[in-house]
Amino acid sequence: MDLSYLMEWANLLLRWAHVIVVIAWIGSSFYFVFLDLSLKKPTAPELLDKGVDGELWAVHGGGFYHPQKYLVAPKTLPKHLHWFFWESYSTWLTGMALFTVSYLFRADTFLIDKNVYQWSASEAIITSLMLLLFFWIVYDSICRLFFKHPKSDLIVGVCIALFVVAMSYLVCHLYSGRAAFLIVGAMMATTMTANVFFWIIPGQRTVVEQLKAGQAPDPVYGKRGKQRSVHNTYFTLPVLIAMLSNHYGWLSNAPQNWVVLCVMMLAGALIRHSFVARHQSLVAGKTPSWRHAWVGCLLILALAVWMAPSKTANTQTVGASKNADTSSVSTPASNATTSIESIIETRCLACHNDKLMQKNVALHTPELIKKNAQAIYQQTVVLKLMPFQNATQITEAERAVIKAWFEKNQ
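Residues numbered from 1 in each chain as written. Predicted model: local features only at pLDDT ≥ 70, side-chain atom pairs only at ≥ 80, totals over all residues. Heavy atoms only, no water.

As for the pattern of salt bridges
Reasoning step 1: Taken as a whole and judged by the stated rule, the model has 10 salt bridges.
Reasoning step 2: One salt bridge connects Asp-53 with Lys-41, and the closest N-O pair in it is separated by 2.9 Å. In this pair, Asp-53 sits in strand E1 (residues 52-55) while Lys-41 sits in the loop between helix H1 (3-38) and helix H2 (45-50), placing the two residues 12 residues apart along the sequence.
Reasoning step 3: By relative accessible area, which is 54% here, Lys-41 ends up exposed.
Reasoning step 4: Here Asp-140 makes a salt bridge to Arg-228, at a shortest N to O gap of 2.9 Å. Of the two residues, Asp-140 sits in helix H5 (residues 121-145) while Arg-228 sits in helix H8 (residues 220-244), which places them 88 residues apart along the sequence. An identical accessibility class is assigned to Asp-140 and Arg-228; each is buried.
Reasoning step 5: Shared partners join several salt bridges into a network, and the residues in it are Asp-36, Lys-69 and Lys-226. (Salt bridge = Lys/Arg side-chain N within 4 Å of Asp/Glu carboxyl O. Helix = DSSP H or I, 4+ residues; strand = E, 2+ residues; numbered from the N terminus. Buried < 20%, exposed > 50% of the residue type's maximum accessible area, 1.4 Å probe, protein only.)

Below is the structure:
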């Protein structure tokens, strides 16, 4: 079988598996953040005597639940403990496998944009992997350095936010837009899993070992694990938008795309904070405030307005295309059909011809171009996903010609 066909199957199955384990990890993570922030101090003497520090009564699926949290650990260690870590590890493993199949194996086309930065595939691959490690090392150093500071949460939060902005700027100036957004998301996702692997789970295992040895558990492990768990919950929505941007070329390839990415990630973090603050408010008996969510939504709205192409610009682009297209395509743009065929031949036929039909789409005849007009318009004009990573360097003037051609023939 053809290698490209097998790669498509690998991409599909890995993406499917990745989404499944992501749902499992985020679901359990969000639930435990909600649970931790919703617990109330028990009043029952038997619970206090057992060392229960918080409890919650809940109803779900036709049954009542009564989760309890112990201060550091229970007096007697139960026989069976469920450990929440495979969701995190599986997410990272499937994500890295998907990144390898989708980008690293085809780095010349999908990872590199010569208009952004000119380097070899091996350099781009090695650097992308080193960036994942570098981000974790710096992040972990920040957390360690300020862990005992009285204002640790504020200082660490500001430092991490500035570091994310700096890395977003750097990566967006090294890689193609979609690859850059993905790498930034992968850096943060790798750090989330590293938090689980290096801090949260080892801390829990240490507490268990101390209990088995009859020692009083050291509360520092719980505090460190809590710090990293909180960071993970704030990273979640920024990571998700970085990953989802892969399907929206107009977002990741926008001018000043690093600003676009940072604003979207900030909006996601603010929206997530609203839910965290809501849990805390309800427990305290206060009216929940959605102001952080509103700020996040307003940031997204402002970004959409800022990025929106103006009608004047569109008119100028279309007008320019009628003159400028003669330099980028072999046939004058005055003949719409011929101009479209020339653009397709120059920019699309490398992957969509009678011998190589990527995504089962062929465009080597006027009839096939007409048949796939809707898809051509959606992929090249609306989403700007094609040509993938703009490997054939289609121009905005050519996109404008496709837009005018499609609208005229509707």
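Describing the environment of Thr-43
Reasoning step 1: With respect to the secondary-structure elements, Thr-43 resides in the loop between H1 and H2.
Reasoning step 2: Overall, the relative accessible area of 70% leaves Thr-43 in the exposed class.
Reasoning step 3: The residues contacting Thr-43, other than those within four sequence positions of it, are Leu-48 and Glu-55. (Contact = heavy atoms within 4.5 Å.)

A short note on a nonpolar patch on the surface
Reasoning step 1: On the surface, Leu-3, Tyr-5, Leu-6, Trp-9, Leu-12, Leu-13, Trp-16 and Ile-20 cluster together to form a nonpolar patch covering roughly 870 Å² of accessible area.
Reasoning step 2: Structurally, Leu-12 can be placed in helix H1. (Patch = residues over 30% accessible without salt bridge, like charges linked within 9 Å, V, L, I, M, F, W, Y side chains within 5 Å. Areas by Shrake-Rupley, 256 points an atom, 1.4 Å probe, with all protein chains shown as cover.)

Considerations on the confidence of the model for the chain
Reasoning step 1: For the chain, per-residue confidence averages 87 on the pLDDT scale, and residues scoring 70 or more make up 92% of the total.
Reasoning step 2: For residues 316-336, every residue scores under 50 in pLDDT, and the model assigns this stretch 31 contacts once sequence neighbours within four places are set aside. (pLDDT = per-residue confidence, 0-100.)

Regarding the packing of aromatic side chains
Reasoning step 1: Taken as a whole and assessed by the stated rule, the structure comprises 20 aromatic pairs.
Reasoning step 2: Residues Tyr-169 and Trp-258 carry aromatic rings whose centres are separated by 5.1 Å and whose planes lie at 90° to one another, so their mutual orientation is edge-to-face. Of this pair, Tyr-169 sits in helix H6 (residues 152-172) while Trp-258 sits in helix H10 (residues 257-284); the two residues are 89 residues apart in sequence, bridging distant segments of the chain.
Reasoning step 3: Since its relative accessible area comes to 42%, Tyr-169 is described here as partly exposed.
Reasoning step 4: One aromatic cluster is present, built from ring pairs that chain together Phe-85, Trp-86, Tyr-89, Trp-136, Tyr-139, Phe-197, Phe-198 and Phe-235.
Reasoning step 5: Above the plane of the ring of Trp-83 lies Arg-205, whose end atom (NZ or CZ) is 4.7 Å from the centre.
Reasoning step 6: Stacked on the ring of Phe-147, the Lys or Arg Arg-224 has its end atom at 5.4 Å from the ring centre. (Phe/Tyr/Trp six-rings, centres within 6.5 Å; stacked < 30°, edge-to-face > 60°. Lys NZ or Arg CZ within 6 Å of the ring centre and 35° of its normal.)

Comments concerning the nonpolar core
Reasoning step 1: The biggest cluster of nonpolar side chains holds 57 residues, and the ones touching the most others in it are Leu-111, Tyr-175 and Met-187.
Reasoning step 2: Elements with a minimum of two residues in this core: helix H3 (86-102), helix H4 (107-110), H5, H6, helix H7 (177-212), H8 and H10.
Reasoning step 3: A per-element tally of this core places H7 first, with 16 residues.
Reasoning step 4: One finds Cys-348, Ile-369, Ile-402 and Trp-405 within the second-largest nonpolar core, a separate group that totals 15 residues. (Core = buried A, V, L, I, M, F, W, Y, C linked by side-chain atoms within 4.5 Å.)

Some remarks on helix H15 (residues 373-382)
Structurally, the α-helix is built with 3.6 residues per turn, so residues lying three or four positions apart point the same way.
Reasoning step 1: Within the sequence span of H15, burial applies to Ala-373, Ile-376, Tyr-377, Thr-380 and Val-381. Looking straight down H15, one finds its buried side chains confined to an arc of 100°; they lie on one side.
Reasoning step 2: Following H15 by one or two positions, Lys-384 adopts a phi angle in the positive range, close to 55°. (Arc of directions from axis to C-beta.)

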